[in-house]
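Geometric and topological summary
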Amino acid sequence: MSHETVGSLLAVIANSLNDGLRILMFADKRAWGSDEFEQLRLLEETLDEAKKDFQELPALVNGRFYYENDRISESLEDLRDLCTRFELHAQTFKDWVRQGGPIDPKLAHETITLKRDLHRAQCRAARRIHAAQQVDSTTASARCLGALQVYRVQQRPNVSVDEERLVCAQTGRFERFCEHDVAFVCDFCDGFLVWEDLRAVPTMRLQQHQPRPTQDTNSDGNTNTNEPRSATNTTFPPSAKASSGSGEGTTASTNWQARGITMTTGEAKTIVFAPVGIANHLPPELGDFRCRVLCPQCDEYYYEEQGEDDMERVRYVQDARGFDDVRALQEHLEWSHASIVPSTSSCQIM
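Presented here is an overview of the structure given in this document. What you see is a predicted model, and the numbers here were worked out from it, not measured in a lab. (Residues numbered from 1 in each chain as written. Predicted model: local features only at pLDDT ≥ 70, side-chain atom pairs only at ≥ 80, totals over all residues. Heavy atoms only, no water.)

1. With respect to the overall build of the protein
We count it as follows: Helix numbers and strand numbers start at the N terminus; a helix is a DSSP run of H or I with at least 4 residues, a strand a run of E with at least 2. Working rule for contacts: check all heavy atoms of both residues, and any pair within 4.5 Å makes them a contact. All accessible areas in this document rest on Shrake-Rupley with a 1.4 Å probe, and a residue is counted as covered only by the protein chains that are shown.
Scanning the protein from terminus to terminus reveals eleven helices and nine strands. Within the protein, contacts between residues separated by at least 24 positions form 66% of all contacts whose residues are at least 6 apart in sequence. Total accessible area on the protein is roughly 19,000 Å²; 50% of this is exposed by carbon and sulfur atoms.

Dropping the structure here:
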């Protein structure tokens, strides 16, 4: 019986990284150039990020005990493969020191790839633990664990767009998909969220409001919020009643519009703001790579049917499987949650 766990395999990887660092730290640096110093920096960065993930990810799955002692086979297989790759990587530095001469610049690219793969392996391990914990949970969330991190940030009062972008960057990455599309690839579930015919991902909402630290009170005792009448007369679902960065009674997740530029024609078009889609995506279904997406505004809409038990009577409006993709979500938002889209010609791009 194997005694390997996520924690023990991560320790093996950390030892290989430390071996590589020691080799470079004690090497003769008199003939070093920029490539050698860059390689040393990348190894230190890889070890620091691995430590950071090891410290932060357990908090997402109810503590370090569950994370370190996890033995889910898929996670162990991922980490075993990385153990071998990091060991060979460290051996390459030993061979280079023996042979001498300038370091191969390709090693830096290999280190970057290993760093990225290690981060994703740790995220996937946490996601599998989370999924297993949700099986018997009465408050289970259908969202991917990565989506939950973005969703929770968006529910905070006065959240800034920079905070949203930061947590998205910690959850996955954007890349070009086919010729004309842009995809977000989640590190936790390996799912793809695709924005079709898009030149680049907008970094701001179509109508982005700055957080207001305080409210001014008039001499007559009334609070002046400077809110437009259309905002104060709007009725929101329970999930949207909390104060947010918009400062107008909506959460960051319900202010969903952004202005993008099409790849094919260069024309402006309205799209779902990327952090909103990321915060509401579900892990891909078996055999698929695209994520389905929940509507943030339908999250808490429900009605009651006849029945003896309270839970039997509750029926949520939203299908637990969500919508097929980002485009289907946008069509739903435009049809079921119509709002005025302000005209604008400005567009900030990631």
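2. Remarks on unusual backbone geometry
The backbone of N62 shows a phi angle near 70 degrees, a positive value even though the residue is not glycine. Tracing the backbone shows N62 in the loop between helix 2 (34-56) and helix 3 (64-68). Within the chain, N158 stands out as a residue other than glycine whose phi angle is a positive 60 degrees. By the element assignment, N158 lies in the loop between helix 6 (145-154) and helix 7 (161-171).

3. Brief notes about the sheet that holds strand 3 (residues 192-195)
Formally: Here, a strand pair is defined by DSSP locating no fewer than two bridges between the strands. Axes, fitted as lines to C-alpha atoms, cover a helix only where it is in contact. Angles between the N-to-C directions of the axes lie from 0 to 180 degrees.
Taken in spatial order, the three strands of this open sheet run 1-2-3, and their pairing is antiparallel. The open sheet has two edge strands with one neighbour each: strand 1 (172-177) and strand 3. Across the sheet, the mean angle separating the axes of adjacent strands is 25 degrees when strand polarity is ignored. Pairing geometry for strand 2 (residues 181-186) and strand 3, over four bridges, is antiparallel.

4. Some remarks on the nonpolar core
Just so we agree on the cut-off: To define a nonpolar core, start from buried Ala, Val, Leu, Ile, Met, Phe, Trp, Tyr and Cys residues and group those joined through side-chain atoms within 4.5 Å. Note on classification: 1.4 Å probe, protein chains only; a residue is buried when its accessible area is under 20% of the maximum for its type, exposed when over 50%, partly exposed between these limits.
Grouped together as the largest cluster of nonpolar side chains are 68 residues, with contacts concentrated most on I13, Y67, L79, L82, L193, W195 and V272. Judged by nonpolar contacts, the second largest core, of five residues, contains A183, V185, F192 and V194.

5. Notes on the pattern of salt bridges
As a reminder of what qualifies: Here, a salt bridge means any Lys or Arg side-chain nitrogen found within 4 Å of an Asp or Glu carboxyl oxygen.
Tallying each qualifying case throughout the model produces 24 salt bridges. Notably, a salt bridge pairs D19 with R22, separated by 2.4 Å at the nearest N-O pair. One end of the pair is D19 and the other is R22, both in helix 1 (residues 6-25) and three residues apart, which spans about a single turn. Note on R22: relative accessible area 45%, which makes it partly exposed. The partner of R128 in a salt bridge is D78, and the shortest N-O contact between them spans 3.3 Å. Highlighted residues: R128 in helix 5 (residues 106-134) and D78 in helix 4 (residues 73-99), separated in sequence by 50 residues.

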